[in-house]
Amino acid sequence: MAKKKAKTKKTTKKSRNFSLKLNRQQKVVLGSFLMLFGLALIVAFISFLFNWQADQSVLNEFSNREIEARNWLSKFGATVSDFFIYRGFGLAAFSIAFLILLSGIYLFFGFKSSNLIKFWFWGILVMIWLSVFFGFFAENNALLGGRIGFETNDFIQDYLGFFGTALLMLFLFVAYLAIRLKVTPEMVGGYFKSGKKELKDAMQEHQSEISETDEEKDWKETVVKPEVEEKQTQNIDLSEEKTEKKNDPAPSPKMEVSTPPKEDVAMEVEAAPEEEEEDNLSNKLVKDFGEFDPTLELKNYKFPTIELLKDYGGSITIDQQELEENKNRIVETLKNYKIEIAQIKATVGPTVTLYEIVPEAGIRISKIKNLEDDIALSLSALGIRIIAPIPGRGTIGIEVPNKNASIVSMRSVIASAKFQNAEMELPLALGKTISNETFVVDLAKMPHMLMAGATGQGKSVGLNAILTSLLYCKHPAEVKFVLVDPKKVELTLFNKIERHYLAKLPDSGDAIITDNTKVINTLNSLCIEMDNRYDMLKNAMCRNIKEYNTKFKARKLNPNDGHEFLPYIVLVVDEFADLIMTAGKEVETPIARLAQLARAIGIHLIIATQRPSVNVITGIIKANFPARVAFRVTSKIDSRTILDNQGADQLIGRGDMLFTQGNDLKRLQCAFVDTPEVDKITEFIGSQKAYPDAHQLPAYESEESGTGVDIDVSERDKLFREAAEVIVTHQQGSASLLQRKLKLGYNRAGRIIDQLEAAGIVGPFEGSKARQVLVTDLAALDQLLNEKPDN
């Protein structure tokens, strides 16, 4: 057995040392041989064209040294030429000689040999086509097409005839021009047009020169001479030039044109020759292969159609009587407090009407602001909100809900020209404003969004609207989603597009994350992805993902150096409060890191929560989420927590929301997309060809402080059993409990906890949470410890 192992080791070592790669010296030797061999074939082929009849007798007596051949390479040249030209491909055999010569040049000078395979492939096809083409015209001359060309041509003509063979050859010629040389009819027409235009211009110039008379020439000379004399006098006398400029009303062209210094131009030319070489190489690659297309793997992917979305008929109906009544009540209420109005205007929206008022001079704005409850009482309406003043208009706004609200359908928002023509990286169609305009924002510029609202006010519909917007405008290669759903029911519909749009950890089963432990690992994995992307941007000398992808598409970045096309990653968390309650700092820390740093490398966060309290939305999170969406909340404190302003507590619900990306608040009606619509969209996408698996995030291994190794019973602490009884009695596996009850130090208590884990009494480390106690009562503890051999 030992001998066999030694033999296998030797064979594996030999197999590892064997390699087909050539070093520089081997390439020089092989390249020189191929170059000289190619030249020898060219010389032999040329000589064979003149001496092939005289050397026919030499071919049968190759070993007879007394017979001499007339070929310039003697018998070798005559034999090889007869094989390739007479018995082979005719004049097209020169292609083989040139291909061998070209291969030698590539190896000898150390050029990249990636294009050699393409040259050989097309060269052999051209050789076969030329052989058949020459054989088409050579009935008695075997040198033109060779035996292969003649026999192939004869075989094809037996089935297709003369004209059929000619048409087949013409088709193959056109196919070669289109595929290899990329020649199109438009290019050929353009060449003819440009040549015709140049010929016409030349003829016109020639005719104009002939038609010039001597009088015209004399007139030209009389006009040109004074101009030359004026230039000479300007160079001699500067004072005369100044007087001439005063008399001349036309501006001098020399005064307008500013010539740059020659040194600057030289610096620009010599600035970065390496970059110019890289640009030339990338331009050549783009010219040969075109720009890199990240969607090529799923080139037949079709975006969802607008017919998958339902039209709820959300056209706004203006009730003139309702507008007049509300206007009169607002005016009367303000008059009761001695506030006169100079002007009032109404703007009708889907769910809210904005009344803009201009008060008389001398009226304090704060006085109107304090009458919010009184106006709501007079109008008998909920959700009254006063904007004093409206930014950029110089008016005071009073938002009053409509009695008959209209639904803003997702179909109307997606079909709008504002969304279809949006020049944004990640366009989000959130809904419509008070003025019934489609509201579209760019997630890439936000760069993160915080969403809050009470139960049943439209958060989940808002998340579905955001995801639907991205599905309607972004290819699966351009954006990936990381979906976190602690409720386990809100985002399950997106499981159908797992292999198209979703991203997940390598070993995880479901792409939609519902377990809190997996959420922590996924967030830390995104942090690793963020660091990796920043390293790639640093090596590519780019500042953001847009510059990087543009550079990669232009083939200026080498994939062999670790570069790849980077899709946007959107992290969506449906219930953030639950994560904070169960995991705490373990979730908050990676989310804070991503919010602070991930904007430039295309990772964006959308976090939704029901309870916008201070312990859930901390100061670190608020500082890095400038874009915030607030649905209806229950108190002014919650409104201030999410928006840093009041107003969210006065919304009417059912998709009525406030959006802020800075200082000003915008009231929107969120677009409504129902569950069956999302189901149809995901079904449409999921039925198409997909990637082999979901997008893989970097693997992350959690750092647990607990030990999974069994500890020897003899090394257990003296207080081990007493500590086990304390843990089981209180059903709380924490070192701090042992410190208090047994009056131990932290290190000793931690060692006892590790021993309890090895004995199977407590579970593994779970971060900031207490360990799970695996034993239910003291009787079970005694039974467990008595089963041990030493007890």
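Keep in mind the model is a prediction, meaning the values are calculated, not measured.

J.: Looking at this structure, how should I read the overall build of the protein?
T.: Assigned secondary structure in the protein consists of 31 helices and 15 strands. In the protein, which comprises 791 residues, the proportion classed as buried is 40%. Partitioning the contacts of the protein with sequence separation of at least 6, the portion at a separation of at least 24 is 67%. With an accessible surface of roughly 46400 Å², the protein has 55% of that area assigned to carbon and sulfur atoms.

J.: Just checking my understanding: could you explain the nonpolar core for this structure?
T.: Here is a general trend for soluble globular proteins: nonpolar side chains tend to be buried in one another's company. Counting residues in hydrophobic clusters, the biggest one holds 108 residues, and the most contacted among them are Phe 481, Phe 576 and Phe 659. Looking at this core element by element, the count peaks at nine residues for helix 21 (residues 516-540). Sequence-distant contacts of Phe 659, defined by excluding residues within four places in its chain, comprise Leu 430, Phe 439, Val 441, Met 446, Met 449, Ala 627, Arg 628, Val 629, Asp 664, Leu 665, Lys 666 and Leu 668. Formed by 22 residues, the second largest nonpolar core is a distinct cluster that contains Ile 727, Ala 735, Leu 737 and Leu 742.

J.: Would you take a moment to explain the packing of aromatic side chains for this structure?
T.: Applying the stated rule across the entire model yields 19 aromatic pairs. Between Phe 121 and Trp 122, the aromatic rings sit 5.4 Å apart at their centres with planes inclined by 80°, giving edge-to-face as the arrangement. Connected via pairs of aromatic rings, a cluster forms that spans Phe 45, Phe 83, Phe 84 and Phe 94.

J.: What should I look at first to understand the confidence of the model for the protein in this one?
T.: Predicted coordinates in regions of low pLDDT should not be interpreted in detail. Residues of the protein with pLDDT of at least 70 account for 81%, and the chain-wide mean is 79. Here residues 212-276 is a poorly scored stretch, pLDDT under 50, and it has 11 contacts once near neighbours within four places are set aside; other chains count. Segment residues 704-710 is flagged for pLDDT under 50; beyond a separation of four residues in sequence, or across chains, it makes 14 contacts in the model.

J.: I keep staring at the side chain of Thr 682 and nothing clicks. Help me out?
T.: Checked against the element boundaries, Thr 682 lands in helix 27 (residues 675-686). In contact with Thr 682, other than residues within four places in its own chain, are Leu 493, Phe 494, Lys 496 and Ile 497.

J.: Explanation requested: the sheet that holds strand 1 (residues 341-348) in the structure shown.
T.: Taking strand neighbours across the sheet as the criterion, the four strands line up as 1-2-4-3 in an open arrangement whose pairing is antiparallel. Among the strands making up the open sheet, the edge pair consists of strand 1 and strand 3 (385-387). Sheet twist, expressed as the average angle between the axes of neighbouring strands with direction ignored, equals 20°. Note: strand 2 (residues 352-359) against strand 4 (residues 396-401), six bridges, orientation antiparallel. Among the inter-strand pairings, Ile 357 is bridged to a residue of strand 4, identified as Ile 396. Relative to the sheet, helix 14 (residues 320-336) contacts strand 1, strand 2 and strand 4, its axis offset from that of strand 2 by approximately 40°.

J.: In this structure, what is going on with a nonpolar patch on the surface? I would like to understand it.
T.: Residues Phe 155, Tyr 159, Leu 160, Leu 168, Phe 171 and Leu 172 make up a contiguous nonpolar surface patch of about 660 Å² in total accessible area. Along the chain, the position of Phe 171 falls in helix 7 (residues 142-179). The class for Phe 171 is exposed, based on a relative accessible area of 55%.

J.: Even after reading the chapter, I still don't get the sheet that holds strand 7 (residues 449-452), so can you show me in this structure?
T.: Backbone hydrogen bonds hold the strands of a sheet together, and the pairing may be parallel or antiparallel. Pairing in this open sheet of nine strands is mixed, and the strands run 6-5-14-13-12-7-11-10-8 from one edge to the other. Looking at strand neighbours, the two that pair on one side only are strand 6 (438-442) and strand 8 (479-484), the edges of this open sheet. On average, each strand axis in the sheet is tilted by 30° relative to the strand beside it, whichever way the strands run. Here five bridges tie strand 5 (residues 427-433) to strand 6, and the two strands are oriented antiparallel to one another. Counted as the bridge partner of Lys 432 is Thr 438 from strand 6. Packing of helix 26 (residues 636-643) onto the sheet brings it into contact with strand 7, strand 12 (627-630), strand 13 (656-660) and strand 14 (665-670), and relative to strand 12 it is tilted by some 155°.

J.: Please explain the pairing of strand 7 as it appears in this structure.
T.: Strand residues, when the strand is regular, have side chains that alternate between the two faces of the sheet. Side chains Met 449 and Met 451 project from strand 7 onto one buried face, and the interleaved Leu 450 and Ala 452 project onto a second face that is buried too. Sheet analysis places strand 7 next to strand 11 (residues 603-609), joined by four bridges and oriented parallel. The residue of strand 11 that forms the bridge with Leu 450 is Ile 607.

J.: What is the right way to read the environment of Phe 672 from this model?
T.: Of note, Phe 672 is situated in the loop between strand 14 and helix 27. Separated by 17 residues in sequence, Phe 672 and Gly 655 have C-alpha atoms that sit 7.7 Å apart. Those residues in contact with Phe 672 that lie beyond four places of it in its chain are Tyr 312, Ile 407, Val 408, Ser 409, Met 410, Val 461 and Glu 677.

J.: Teacher, can you tell me more about helix 30 (residues 746-758) here?
T.: Residues separated by three or four positions in an α-helix point in the same direction, a consequence of the helix having 3.6 residues per turn. The end-to-end C-alpha separation of helix 30 is 19 Å, in line with the 18 Å expected for 13 residues at 1.5 Å each. Of the residues making up helix 30, those classed as buried are Ala 749, Ile 752, Ile 753, Asp 754, Gln 755, Leu 756, Glu 757 and Ala 758. Remark: Gly 760 follows helix 30 within two positions and exhibits a positive phi of approximately 80°.

J.: What should I look at first to understand the packing of helix 2 (residues 24-51) against helix 4 (residues 74-89) in this one?
T.: Two quantities define a packed helix pair, namely the angle between the axes and the distance from one axis to the other. Contact geometry of helix 2 with helix 4 gives a least axis separation of 9 Å together with a crossing angle of 80°. Put simply, helix 2 runs roughly perpendicular to helix 4. Touching Phe 37, Leu 41, Ala 44, Phe 45 and Phe 48 of helix 2 are Phe 76, Gly 77, Ala 78, Val 80, Ser 81, Asp 82, Phe 84, Ile 85 and Tyr 86, all from helix 4. Residue composition of the contact of helix 2 with helix 4, grouped by class: 11 nonpolar, two polar and one charged.

J.: Which parts of the structure should I look at to understand the layout of surface pockets?
T.: Remark: the empty space left among the atoms is shown by a probe the size of a water molecule rolled over them. Put simply, the second largest pocket is a space of about 730 Å³. Around the second largest pocket sit 29 residues that line it, and Arg 385, Ile 387, Pro 391, Leu 665 and Lys 666 are the ones nearest its centre. Elements that contribute at least two residues to the lining of the second largest pocket include exactly strand 2, strand 3 and strand 14. Looking at the lining of the second largest pocket residue by residue, the classes come out as 11 nonpolar, eight polar and 10 charged.

The rules we used
- Residues numbered from 1 in each chain as written.
- Predicted model: local features only at pLDDT ≥ 70, side-chain atom pairs only at ≥ 80, totals over all residues.
- Heavy atoms only, no water.
- Helix = DSSP H or I, 4+ residues; strand = E, 2+ residues; numbered from the N terminus.
- Buried < 20%, exposed > 50% of the residue type's maximum accessible area, 1.4 Å probe, protein only.
- Contact = heavy atoms within 4.5 Å.
- Areas by Shrake-Rupley, 256 points an atom, 1.4 Å probe, with all protein chains shown as cover.
- Core = buried A, V, L, I, M, F, W, Y, C linked by side-chain atoms within 4.5 Å.
- Phe/Tyr/Trp six-rings, centres within 6.5 Å; stacked < 30°, edge-to-face > 60°.
- pLDDT = per-residue confidence, 0-100.
- Pairing = 2+ DSSP bridges.
- Axes fitted to C-alpha atoms, helices over the stretch in contact; angles between N-to-C directions.
- Patch = residues over 30% accessible without salt bridge, like charges linked within 9 Å, V, L, I, M, F, W, Y side chains within 5 Å.
- Salt bridge = Lys/Arg side-chain N within 4 Å of Asp/Glu carboxyl O.
- Expected span 1.5 Å × (residues − 1).
- Parallel < 35°, antiparallel > 145°, perpendicular 65-115°, else oblique.
- Nonpolar A, V, L, I, M, F, W, Y, C, P; charged D, E, K, R; others polar.
- 1 Å grid on protein atoms, 1.4 Å probe; cavity = no way out; pocket = protein on both sides within 12 Å on 5 of 7 lines; lining within 4 Å.
- Points joined across faces, edges and corners; volume = space filled by probe spheres on them.

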